[in-house]
Amino acid sequence: MGAVVRGIGIYHPETVLTNSDIEKIVETTDEWITTRTGIKQRYILPKGSKLKASDFGSYAAMAALEKAGLTPGDIDGIICANINPDKQFPATACFIQAKIGAKKAFAFDVTAACAGFVYAANMAALLIDSGQCRNILVIGSEILSPVLDWTDRNTCILFGDAAGAVVFSAGPKERGILLSQLKSDGTQSEVLYLNLSGDEGRRGMFMDGKQVFKAAVTEITDIVRSTVAKGGYAVKDLDLLVMHQANVRIIGAIADKLELPPEKVVINVDRFGNTSSASIPLALHEADGQGRLKPGMLVALAAVGGGMSWGCNLMRW
Ligand code: COA
């Protein structure tokens with residue numbers, strides 16, 4: 001069976017943090033952030049809010065279920081990708097299962113940083129193709145603002161808080177996720193990581209920005225090329241490429257290398273910042289709302305993140 005997208009839902013907090021707001025927190029400028037990253041604003045959890053990743057995830061999940069015309073009782077499995085879980089264990093997906101009342105669903109988390117959504121979508125496709133499940137909720141839910149170091153201008157300008165959820169349902173074999181490729185390189189684990197223990201004298205996100213930039217461009221370009229080729233297509237056959245939204249310059253460099261025109265590439269990082277595993281469902285939701293996703297289209301999802309971990313799902317919409 002094909003794992004076909006049946007509904008997409010998102011959630012983000014109301015509070016907007018603009019680049020001008022960040023100018024008051026660290027030594028930076030709107031101009032620097034805009035030219036280096038393309039980010040103009042991001043949504044963040046309001047100070048004092050008690051909401052957790054499972055709250056964001058369950059709001060996005062309920063929106064996706066409504067779009068799909070399904071109820072929580074129809075869901076066989078919940079896979080949640082995230083960086084900052086509610087608790088070390090149990091899985092954030094288990095809290096979401098309880099909050100939405102998806103009584104028959106199994107639930108587990110995937111940790112692959114910003115590549116989490118493509119990893120989780122790959123798992124959903126395998127579970128549906130095997131006949132084990134008919135309906136799976138794949139969720140990326142990220143609350144990053146409370147764990148950032150707001151004295152570090154290298155990292156605090158980049159990220160935002162949001163969640164996105166996609167209901168994948170069993171459909172015809174020739175539709176949905178046609179194939180996926182996943183890759184990791186643990187020797188690069190030092191270039192991007194989150195340390196909350198404080199054992200290195202500082203808590204927060206650590207990043208070698210230039211190295212991450214180079215790896216992102218190289219790895220996403222290569223994995224999109226090879227996944228599309230493995231499916232028997234050429235890159236020019238793609239109708240839409242939905243990449244992890246880290247930085248407009250990264251997205252632009254990849255689009256140039258793949259020779260994809262702007263209308264085939266989704267960009268919304270300018271308004272959301274980098275929302276890690278939530279960025280692909282957020283971008284899909286926006287593209288869908290704009291009528292850019294039509295049945296029969298060839299679509300690739302691609303993401304890279306800490307690990308380094310990266311992956312690509314090739315889909316027939
Ligand atoms: N505002 C103003 N200046 C800043 C700044 C900020 N927010 N952050 C860094 N700088 C400074 C640096 O300190 C450096 O100053 P120096 O030359 O005096 O040492 C200068 O700007 C240039 O820094 P550099 O690191 O060379 O900038 P860059 O062009 O590589 O851009 C990033 C930095 C982070 C925007 C870029 O490397 C990037 O986008 N990397 C990928 C990050 C990413 O996407 N991570 C998540 C992936 S999932």
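Residues numbered from 1 in each chain as written. Predicted model: local features only at pLDDT ≥ 70, side-chain atom pairs only at ≥ 80, totals over all residues. Heavy atoms only, no water.

**Considerations on the side chain of Asp 161**
By secondary structure assignment, the location of Asp 161 is in the loop between strand S6 (135–142) and strand S7 (162–171). Nearest to the buried, unbridged Asp 161 among oppositely charged side chains is Arg 42, at 9.3 Å. A distance of 2.7 Å separates a polar atom in the side chain of Asp 161 from the backbone nitrogen of Leu 144. One polar contact links Asp 161 to Ser 145, side chain to side chain, over a distance of 2.5 Å. Filtering out sequence-adjacent residues up to four positions away, Asp 161 remains in contact with His 12, Pro 13, Tyr 43, Ile 44, Leu 45, Phe 56, Glu 142, Ile 143, Leu 144, Ser 145 and Thr 275. (Helix = DSSP H or I, 4+ residues; strand = E, 2+ residues; numbered from the N terminus. Buried < 20%, exposed > 50% of the residue type's maximum accessible area, 1.4 Å probe, protein only. Lys, Arg positive; Asp, Glu negative; His and termini not counted. Salt bridge = Lys/Arg side-chain N within 4 Å of Asp/Glu carboxyl O. Polar contact = N/O pair within 3.5 Å; in protein donor to acceptor, adjacent residues only side chain to side chain. Contact = heavy atoms within 4.5 Å.)

**Some remarks on helix H7 (residues 248–258)**
Buried within H7 we find Ile 250, Ile 251, Ile 254, Ala 255 and Leu 258. The buried residues of H7 occupy one face: seen down the axis, they fall within an arc of 130°. Contact partners of the buried residues in H7: helix H6 (209–230) and strand S11 (240–243). Two or three places before Arg 249, at the opening of H7, Asn 247 has a side-chain oxygen 2.6 Å from that residue's backbone nitrogen. One or two positions beyond H7, positive phi appears at Glu 259, with a value near 55°. (Arc of directions from axis to C-beta.)

**A closer look at the side chain of Asp 149**
Inspection of the secondary structure puts Asp 149 in the loop between S6 and S7. Excluding anything up to four places from it in sequence, Asp 149 contacts Thr 155, Cys 156, Arg 202, Arg 203 and Gly 204.

**Some words on the packing of aromatic side chains**
Counting across every chain of the model gives 5 aromatic pairs. With a centroid separation of 6.2 Å and 15° between ring planes, the pair formed by Phe 106 and Phe 108 is classed as stacked. With a relative accessible area of 28%, Phe 106 lands in the partly exposed category. The exposure class of Phe 108 is partly exposed, given its relative accessible area of 31%. With a centroid separation of 4.9 Å and an interplanar angle of 5°, the aromatic rings of Tyr 193 and Phe 206 are classed as stacked. (Phe/Tyr/Trp six-rings, centres within 6.5 Å; stacked < 30°, edge-to-face > 60°.)

**Structural notes on helix H9 (residues 279–289)**
Working note: α-helix, 3.6 residues per turn, so residues spaced by three or four point in the same direction. Judged by how many residues are buried, H9 sits mostly within the fold: 8 of 11 residues are covered. Of the surrounding elements, those touching the buried residues of H9 are strand S1 (2–11), helix H5 (116–129), S7, S11, helix H8 (269–272) and strand S12 (298–305). Positive phi appears at Gly 291, one or two residues downstream of H9, with a value of about 75°.

These figures capture arrangement, not role.
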